[in-house]
Amino acid sequence: MTNTEIIQTIEKRFEAYEAVQHLHLDHLKTQDMPDIKTMTQERQDKFDKLKIELDQFVSNAGTVKGLDSLAILQKFEKRLNSILHIDDKIAFEIKKHRDVLKNSLKNLKQGKT
C-alpha cells in the first residue's frame, strides 16, 4: 500500500469514526434508553481500525521522499483532538443517562414513581 493510499484510508477511517460519533451523540440526546454497550463497541471497533492505519503511517513517516509527513501528522492530530472533544460530549450524555437511571432506581426502591 502506498503512502497516498494509506492517507486516503486514514481519511476514510476518520470519516467513519466521526459519523458514528455524531450518530451516537444524536441517539443519546433523543432516545430515552439508548443501547450504550452496543454504541461503545461500535465506536471502539471504528477507533481500532483508525489506530491501525495511523500506526502504519507513523511507522513510515519521514521515510518517503517528497511527502511532508510532519504536516500530515499535524492534520491528523487536529482531527484526533476533534474526535476526543466529541467523545467527551458522548461521555457527558452517557453520564446523564446513568444518573437518570440511578435516580429512577432509587425512587423505585423508596416506593416513588
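See the structure printed just above.
Computed from a predicted model, the values in this text were never measured in an experiment.

## Concerning the overall build of the protein
In terms of helices and strands, the protein carries three helices and zero strands. Its helices and strands in sequence order give the protein the pattern α-α-α, from N to C terminus. Here the C-alpha atoms of the protein give a radius of gyration of 19 Å, more than 25% beyond the 13 Å that 2.2 N^0.38 yields for 113 residues. Projected onto its principal axes, the C-alpha coordinates of the protein cover approximately 70 × 20 × 20 Å. Split into buried and exposed, the 113 residues of the protein put 28% on the buried side. Intrachain contacts of the protein at a sequence separation of at least 6 include 75% that bridge at least 24 residues. Accessible surface, the protein as shown: approximately 8,000 Å² in total, 55% of it carbon and sulfur. Counting 20 positive and 18 negative side-chain charges, the protein places the averaged centre of each group 6 Å from the other.

## Observations concerning a negative patch on the surface
Together, Asp 35, Glu 42, Asp 45 and Asp 48 make up a region of like negative charge exposed at the surface. Relative to the helices and strands, Asp 45 resides in helix α2 (residues 36-60). Judged by its relative accessible area of 36%, Asp 45 is partly exposed.

## Comments concerning the packing of α2 against helix α3 (residues 69-109)
The N-to-C vectors of α2 and α3 enclose an angle of 165°; their axes lie 13 Å apart at closest approach. Accordingly, the angle class assigned to the pair α2 and α3 is roughly antiparallel. Handedness of the α2/α3 crossing: left-handed. Contacts between α2 and α3 involve Ile 36, Arg 43, Leu 50, Leu 54, Phe 57 and Val 58 on the former and, on the latter, Ser 69, Ile 72, Leu 73, Phe 76, Leu 80, Ile 83, Asp 87, Ile 90, Ile 94, His 97 and Arg 98. When grouped by side-chain class, the residues that make up the contact of α2 with α3 number 12 nonpolar, two polar and three charged.

Cut-offs and rules
The numbers attached to residues start from 1 for each chain and follow its sequence in the written order. The model is predicted, so local features are restricted to residues of pLDDT at least 70 and side-chain atom pairs to those at 80 or more, both for listing and for counting; the totals for chains, interfaces and linings are taken over all residues. Note that the side-chain values use all heavy atoms of the structure and ignore hydrogens as well as water. By the criteria applied, helices consist of DSSP H or I runs no shorter than four residues and strands consist of E runs no shorter than two, each listed in order from the N terminus. Here the globule rule reads 2.2 Å times residues to the power 0.38, and the radius of gyration is calculated from C-alpha atoms. Here the term buried applies to any residue with accessible area under 20% of the maximum for its type, exposed to any over 50%, and partly exposed to those in between, with areas from a 1.4 Å probe on protein chains only. Should any heavy atoms of two residues lie within 4.5 Å, those residues are counted as being in contact. Here the open area of atoms and residues is found with the Shrake-Rupley method and a 1.4 Å probe, where only the protein chains shown may cover a residue. Lys and Arg are tallied as positive, Asp and Glu as negative. Neither His nor the chain termini are counted. Charge placement uses NZ in Lys and CZ in Arg. For Asp and Glu, CG and CD serve respectively. A patch consists of residues whose relative accessible area exceeds 30% and which take part in no salt bridge; residues with like charges are grouped when within 9 Å of each other, and nonpolar side chains (Val, Leu, Ile, Met, Phe, Trp, Tyr) when within 5 Å. By convention in these notes, a salt bridge is any Lys or Arg side-chain nitrogen within 4 Å of a carboxyl oxygen on Asp or Glu. Here an axis means a line fitted to C-alpha atoms, over the contact stretch when the element is a helix, while the angle between two N-to-C directions is reported on a 0 to 180 degree scale. Our angle categories are set so that under 35 degrees counts as roughly parallel, over 145 as roughly antiparallel, 65 to 115 as roughly perpendicular, and the remainder as oblique. In this scheme, a crossing is called left-handed if the near helix is turned counterclockwise away from the far one by less than a right angle; it is called right-handed if the turn is clockwise. The classification used treats Ala, Val, Leu, Ile, Met, Phe, Trp, Tyr, Cys and Pro as nonpolar, Asp, Glu, Lys and Arg as charged, and all other residues, Gly among them, as polar.

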